[in-house]
There are 2 protein chains.
Amino acid sequence: MNIEPNLCRVEDALEIIVGKWKPIILLHLLKNGTMRFSDLKRSIPNITQKMLTKNLRELENEDIIERFVYPQVPPKVEYSITEYGKELEPLLHAMHKWGVKHALHKQQYKFI
Amino acid sequence: MNIEPNLCRVEDALEIIVGKWKPIILLHLLKNGTMRFSDLKRSIPNITQKMLTKNLRELENEDIIERFVYPQVPPKVEYSITEYGKELEPLLHAMHKWGVKHALHKQQYKFI
DNA sequence: CCGTATCCATGCCGATACTG
DNA sequence: CAGTATCGGCATGGATACGG
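Chain A is annotated in an unreviewed UniProt entry as HTH hxlR-type domain-containing protein from Caldibacillus thermoamylovorans.

Okay, here's the thing in structure tokens:
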């Protein structure tokens, strides 16, 4: 089974999940279910507010995650994976698995 | 089965196959077997020589592809996927499949 | 034919400060 | 609490020219 290179949609998949933070955000939401903005911020210490907001917006625009705002002061905003977004999980696992295997391969053969 | 977000290797996988050109290069090599530099260049019209060279070197450094130089003038250089590199194929297919599905999903729900 | 070298535009991303 | 606004460094990648 070949993918015709010119009809390749791999790049489209990559655009959604690529970025320094998106996989981590998704994994946190998959693990914990619903999370507040501050929960995510605390779980990913090195991310800035700006980047967290930006990535969340982008994932929301692709219908991967959902945003729910409680109309109250101080604000409370919750994020969760959509049903559709959950279809990404097997892919993330496959990539994770390959990543682990590759780390091992690098050790063994010491190229670079 | 959860991935512990802090132990996530998805990013490692992404680093190897991300980039505007890497998936396309890999798919061409997977489809055609061995290809010369000029074959690849012709198959991917919009890529510059610089970018093609750079991406090929990076894939070679990760042991995903192999480079064979014929000692002759004018030069002849052939690229092919390594045995190890072939293990990436299922992942590329999975990403492609998801990409196709996502394109459809976007059409149907017209978010954005 | 198969590269390198150089220059340059763009945009990602971090740091920081400010707001309802 | 959950953002937005602004500034700026730095890497990515394109165009182009040159070389063995």
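### A few points about the UniProt feature "domain: HTH hxlR-type" (unreviewed entry) in chain A
According to UniProt, the feature "domain: HTH hxlR-type" (unreviewed entry) maps to residues 8-107 of chain A in the numbering used here. End C-alpha to end C-alpha, residues 8-107 of chain A measures 31 Å, and it is 58% helix and 14% strand.

### Describing the relation of the copies chain B and chain A
Note on the identical chains: chain B maps onto chain A by a rotation of 180° and an axial translation of 0.0 Å, with an RMSD of 0.1 Å. In short, the pair behaves as if placed about a two-fold rotation axis. Looking at chain B, 100% of its interface residues are interface residues in chain A too, so the copies touch through the same face.

### A look at the interface of chain B and chain A
Residue-level contacts link 47 residues of chain B with 47 residues of chain A. Among the residues of chain B in contact with chain A, Ile3(B), Tyr84(B) and Trp98(B) are the three that bury the most area, contributing 15% of the side total. There are six salt bridges connecting chain B and chain A. A salt bridge links Lys31(A) to Glu4(B); its shortest N-O distance comes to 3.0 Å. For the side of chain B that touches chain A, the secondary structure elements donating two or more residues are helix H1 (10-17), helix H2 (22-32) and helix H5 (89-109) of chain B. The element contributing the most residues to the side of chain B that touches chain A is H5(B), with 14 residues. Split into classes, the residues belonging to the side of chain B that touches chain A amount to 24 nonpolar, eleven polar and twelve charged.

### Focus on the protein's contact with DNA strand C
The immediate surroundings of DNA strand C are formed by 19 residues, with Lys50(A), Met51(A), Gln49(B), Arg67(B) and Tyr79(B) found nearest. The protein-proximal atoms of DNA strand C, defined as those within 4 Å of the protein, are 57% sugar or phosphate. In the environment of DNA strand C, a sugar or linking oxygen lies 3.1 Å from a nitrogen or oxygen atom belonging to the side chain of Arg36(B). Of all elements in the fold, only helix H4 (49-61) of chain A together with helix H3 (37-43), helix H4 (49-61) and strand E3 (76-81) of chain B reach the threshold of two or more residues within the surface near DNA strand C. Looking at the surface near DNA strand C element by element, the count peaks at four residues for H4(B). Class assignment of the residues belonging to the surface near DNA strand C gives a composition of eight nonpolar, four polar and seven charged.

### So, the protein's contact with DNA strand D
Close to DNA strand D lie 20 residues; Ser38(A), Gln49(A), Arg67(A), Tyr79(A) and Lys50(B) are nearest. If you look at DNA strand D and keep only atoms within 4 Å of the protein, 56% of those are sugar or phosphate atoms. Take Ser38(A): an N or O atom from its side chain is 2.7 Å from a phosphate oxygen of DNA strand D. The separation between a phosphate oxygen of DNA strand D and a polar side-chain atom of Arg67(A) is 2.5 Å. Elements with a contribution of two residues or more to the surface near DNA strand D: helix H3 (37-43), H4 and strand E3 (76-81) of chain A together with H4 of chain B.

### Overview of the pairing of E3(B)
Residues and elements named next belong to chain B. In terms of burial, E3 is largely enclosed, as five of its six residues are buried. Note: strand E1 (residues 35-36) against E3, two bridges, orientation antiparallel. Paired with Arg-36 across the strands is Glu-78, a residue of E3. From the end of strand E2 (residues 65-70) to the start of E3, which pair antiparallel, there are five residues.

The rules behind each value
Residues numbered from 1 in each chain as written. Chains lettered and ligands numbered in written order. Predicted model: local features only at pLDDT ≥ 70, side-chain atom pairs only at ≥ 80, totals over all residues. Heavy atoms only, no water. UniProt positions renumbered as here; feature names shortened; annotations may be inferred. Helix = DSSP H or I, 4+ residues; strand = E, 2+ residues; numbered from the N terminus. Least-squares fit on C-alpha atoms with pLDDT ≥ 70 in both. Contact = heavy atoms within 4.5 Å. Buried area = accessible area lost by both parts, 1.4 Å probe. Salt bridge = Lys/Arg side-chain N within 4 Å of Asp/Glu carboxyl O. Nonpolar A, V, L, I, M, F, W, Y, C, P; charged D, E, K, R; others polar. Near = heavy atom within 4 Å. Polar contact = N/O pair within 3.5 Å; in protein donor to acceptor, adjacent residues only side chain to side chain. Buried < 20%, exposed > 50% of the residue type's maximum accessible area, 1.4 Å probe, protein only. Pairing = 2+ DSSP bridges.

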